[in-house]
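The residues making up each chain are set out below.
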Amino acid sequence: MRRLVVPLLVLAAGVLPAVAHDSDAISVARKIDFPKLLDGRAVLAVDLHTHSVFSDGSVWPDVRVEEAKRDGLFAMAVSEHLEYQPKAADIPHPDRNRSFEIARQAAEVKPTATGDNRNPLLVVNGAEITKAVMPPGHINAVFIQDANRLRSPDIQAQMQEANAQGAFVFWNHPYWTSQTPNGMAAMTPVHADFIRKGWLHGIEVANGADMSDEAFRIALDNNLTILGTSDIHGLIDWDYDLAGGGHRTATLVLAAAETADGVKAALRAGDTVAVYNDNLIGKPANVEAVVRASLKLEVDTALPRTSVVAVSVTNESPVDYILENLGPEAAYDEGHVFTVKSGASFTLLIKNVPDPSKLQLTFKVLNTYIAPREHLTVRLADATP
Ligand SMILES: [Zn+2]
Ligand SMILES: [Zn+2]
C-alpha cells in the first residue's frame, strides 16, 4: 500500500479540484478565493485595470461587473483610456465617469439577484492616462473622484490632479512591445521623477497574458507596489482557461480591513501579491504569508515497525502549488517535485524520521516569485491543533 490517504481530498470549504468539468465546478474553481492570513488579515482579490465600450473594450460595463463577481473579486476598477476613445462617435459620453457610474449601479445587489450576482463587489473609479509614447506610456489612476478633471495634454498636470484626488497611481505594462519594442521594462527619468514626487505608487509586473522580470525588479528597487491586472478588453472567459482551473491575472491585497479604505491602505503599504497564470509574485514576506495560509502540513504516526511517516500537505487556495522538497528529509514514495492541487491534499511518505512530532519539511514553492527567477522557500511544521 503506497497511499494512506486518498490523494485528492475535496475540502469541506467548498474548494474543488482545479480541473473542473461542469459549470458548477467551474464557477467555484474560477474564484480567486484565498484563506485569511495567519495574522488575521484578509486576502482580497482585486483587478485594478479593465476596459469597456466606453474606451476600446468590447462589452457594456455591467458585463465587467458580472465577470468580476463570478471571479470572486473584492474590488474592480473601471479604467477607461482618457486619450484613446475609438468608439466616441458611436457612444458619446462627455462625462468620463459614466462607465464607472453604470458599473457601480450594476454592482448593487438587487433583491432579485441570483447566483454570483448576489456577491458584493466594490467598484472603484479610475482612468488610464494614455500617452502615445514611452515615457510616460500608460498610467492608471484608481480611487479617483472625477475622471473629467484628469483630462489634459500635460502629464505633469494629470499626475498632480490624480494625486490631489487621493488616487493610487501605477505604471501600466512598462514592457509593452508597442511602446517598448525590446519587451524590456526600464526605468526612465520621467518615472523616477514621479516616484521622487510621491506621485507614482505601483507598477504592473503582470498584465493580461504577459509578465516582466524587469518590471518586478523595478518594483523591488523602487519600493513600488506589485500589481497584476487583467487589462481586459474582451471577455475573461475567452482570455483565460477557466474550465482548466485558470484565473484572471489579478492582485491579492493583504488587508487588515475588508473595506475600500482597507484596500487603499494595503496598496499604499505595498502589501500585495500579483497572481499571474497561477504564479504568485511579490515581496518575500507577502508571498510567504499567502503560502503559509494556503498550505497545511499534517504528520501521521510512523508506519508499524518503521520510521517511515505519512505526511499530508493540504492546499486551501485556488491555485495549484508546485513544491520541491529541498530536504534533508526525503520521501520514500515520491520524487522531490510534486504538485498539490487547489483544494486537495497530497500525501507522501517521509523516511527515516526519528521523532514524527518534530518533523518539518522544507519546500521551494516553484509557482512563486520573490524576486526575478527566484522562488520562495518555506519550512513547514504540523499545524493541526
Ligand atoms: Zn494601456
Ligand atoms: Zn488598459
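Bear in mind that the values here come from a model prediction, so they are computed numbers and not experimental data.

Conventions we followed
- Residues numbered from 1 in each chain as written.
- Chains lettered and ligands numbered in written order.
- Predicted model: local features only at pLDDT ≥ 70, side-chain atom pairs only at ≥ 80, totals over all residues.
- Heavy atoms only, no water.
- Helix = DSSP H or I, 4+ residues; strand = E, 2+ residues; numbered from the N terminus.
- Buried < 20%, exposed > 50% of the residue type's maximum accessible area, 1.4 Å probe, protein only.
- Contact = heavy atoms within 4.5 Å.
- Lys, Arg positive; Asp, Glu negative; His and termini not counted.
- Charge placed at Lys NZ, Arg CZ, Asp CG, Glu CD.
- Pairing = 2+ DSSP bridges.
- Axes fitted to C-alpha atoms, helices over the stretch in contact; angles between N-to-C directions.
- Donors = N, O, S within 2.8 Å, 3.2 Å for Na, K, Ca; no water.
- Core = buried A, V, L, I, M, F, W, Y, C linked by side-chain atoms within 4.5 Å.
- pLDDT = per-residue confidence, 0-100.
- Phe/Tyr/Trp six-rings, centres within 6.5 Å; stacked < 30°, edge-to-face > 60°.
- Tetrahedral: all angles 85-135°; square planar, octahedral: opposite > 155°, others 65-115°.
- Arc of directions from axis to C-beta.
- 1 Å grid on protein atoms, 1.4 Å probe; cavity = no way out; pocket = protein on both sides within 12 Å on 5 of 7 lines; lining within 4 Å.
- Points joined across faces, edges and corners; volume = space filled by probe spheres on them.
- Nonpolar A, V, L, I, M, F, W, Y, C, P; charged D, E, K, R; others polar.

1. Thoughts on the overall build of the protein chain
In step 1: Broken down by element type, the protein chain carries 9 helices and 19 strands.
In step 2: Counting only C-alpha atoms, the protein chain reaches 80 × 50 × 35 Å along its principal axes.
In step 3: Looking at the protein chain as a whole, 54% of its 385 residues qualify as buried.
In step 4: For the protein chain, contacts bridging at least 24 residues in sequence account for 67% of all contacts bridging at least 6.
In step 5: One finds the centroid of the 34 positive side-chain charges in the protein chain at a distance of 3 Å from the centroid of its 47 negative side-chain charges.

2. Section: the sheet that holds strand 14 (residues 321–325)
In step 1: Strands sit in the order 15-14-17-19 across an open sheet of 4 strands; the sheet is antiparallel. Every interior strand has two partners, whereas the edge strands, strand 15 (337–340) and strand 19 (376–381), have only one. On average, each strand axis in the sheet is tilted by 35° relative to the strand beside it, whichever way the strands run.
In step 2: Of the pairings in the sheet, the one linking strand 14 to strand 17 (residues 360–365) comprises 3 bridges and is antiparallel in character. Paired with Glu324 across the strands is Lys364, a residue of strand 17.
In step 3: Running at roughly 35° to strand 19, helix 9 (residues 284–294) makes contact with strand 14, strand 17 and strand 19 of the sheet.

3. Comments concerning the coordination of the zinc ion (ligand 1)
In step 1: Looking at the zinc ion (ligand 1), one finds its protein donor set to be Glu128 (OE), His138 (ND1) and His173 (NE2), positioned 2.0 to 2.2 Å from the metal centre.
In step 2: The sequence pattern formed by the donor residues of the zinc ion (ligand 1) is E-x9-H-x34-H.
In step 3: A separation of 3.4 Å is found between the zinc ion (ligand 1) and the zinc ion (ligand 2), which are bridged by Glu128. Pair noted here: Glu128 is in strand 3 (residues 122–130) and His173 is in the loop between strand 5 (168–171) and helix 5 (189–196), with a separation of 45 residues, a long-range link. Grouping residues by exposure puts Glu128 and His173 together as buried.

4. Focus on the nonpolar core
In step 1: Phe34, Leu252, Val290, Tyr321 and Leu323 are the most contacted members of the largest nonpolar core, which has 50 residues in total.
In step 2: Setting aside its immediate chain neighbours within four residues, Phe34 contacts Val43, Leu252, Leu280, Val290, Ser294, Ser317, Pro318, Val319 and Tyr321.
In step 3: Of all hydrophobic cores here, the second largest spans 32 residues; its members include Met159, Val169, Tyr175 and Leu200.

5. Description of the confidence of the model for the protein chain
In step 1: Looking at the protein chain, the pLDDT average stands at 94 and 94% of residues meet or exceed 70.
In step 2: A low-confidence stretch, residues 1–20 (pLDDT under 50), is modelled with 50 contacts involving residues beyond four sequence positions or located in other chains.

6. Things to note about the packing of aromatic side chains
In step 1: As enumerated under the stated definition, the model contains 5 aromatic pairs in all.
In step 2: With 6.0 Å between their ring centres and 40° between their planes, Phe168 and Phe170 make a pair best called tilted.
In step 3: Assessed through its relative accessible area of 2%, Phe168 is described here as buried.
In step 4: Judged by centre distance (4.6 Å) and plane angle (15°), the ring pair of Phe338 and Phe346 falls under stacked. Each member of the pair, Phe338 as well as Phe346, carries the same accessibility label: buried.
In step 5: By way of ring pairs, the aromatic residues Phe338, Phe346 and Phe363 are connected into one cluster.

7. Re the pairing of strand 17
As a general feature of sheets, a regular strand has side chains that alternate between the two faces.
In step 1: Pairing between strand 17 and strand 19: 6 bridges, direction antiparallel. Looking at the pairing, Phe363 lines up with Val378 of strand 19.

8. Details of the coordination of the zinc ion (ligand 2)
Six octahedrally arranged donors around a metal ideally form angles of 90 or 180 degrees; four tetrahedrally arranged donors ideally form angles of 109.5 degrees.
In step 1: Looking at the zinc ion (ligand 2), the protein donor atoms are His49 (NE2), His51 (NE2), Glu128 (OE) and Asp231 (OD), and they sit 2.0 to 2.3 Å from it.
In step 2: One way to put it: the 4 donor atoms around the zinc ion (ligand 2) meet at angles of 78 to 165°, and that makes the site irregular.
In step 3: Assessed through its relative accessible area of 0%, His49 is described here as buried.
In step 4: Taking relative accessible area as the criterion, Asp231 reaches 12% and is therefore assigned buried.

9. Description of helix 3 (residues 98–107)
In step 1: Listing the buried residues of helix 3 in full gives Ser99, Phe100, Ile102, Ala103 and Ala107. Taken around the axis of helix 3, the buried residues stretch over an arc of 165°, which confines them to a single face.

10. Details of helix 5
In step 1: By the burial criterion, the buried members of helix 5 are His191, Asp193 and Phe194. Projection of helix 5 onto a plane perpendicular to its axis shows the buried side chains occupying an angular sector of 155°, all on one side. Exposed residues lying more than 90 degrees from the buried face of helix 5 are Pro189 and Arg196.
In step 2: Where the residues of helix 5 are buried, they touch strand 4 (138–142), helix 4 (155–164) and strand 5.

11. Section: the layout of surface pockets
In step 1: Looking at the largest pocket, its volume works out to about 370 Å³.
In step 2: Asp33, Leu44, Gly72, Phe74 and Glu258 are the residues nearest the centre of the largest pocket, which is lined by 17 residues in total.
In step 3: Among the elements that line the lining of the largest pocket, the one with the most residues is strand 1 (residues 42–47), at 4 residues.
In step 4: Along the lines of polarity and charge, the residues of the lining of the largest pocket split into 11 nonpolar, 2 polar and 4 charged.

12. Let's talk about the sheet that holds strand 13 (residues 309–315)
In step 1: Strand order in the open sheet formed by 3 strands is 12-13-16, and the pairing between neighbours is antiparallel. The outermost strands of the open sheet, each flanked by one partner alone, are strand 12 (295–302) and strand 16 (345–350). Going from strand to strand, the sheet's axes swing by 20° on average, the running direction of each strand aside.
In step 2: The strands touched by helix 9 within the sheet are strand 12 and strand 13, with strand 12 carrying the most contacts at an inclination of about 45°.

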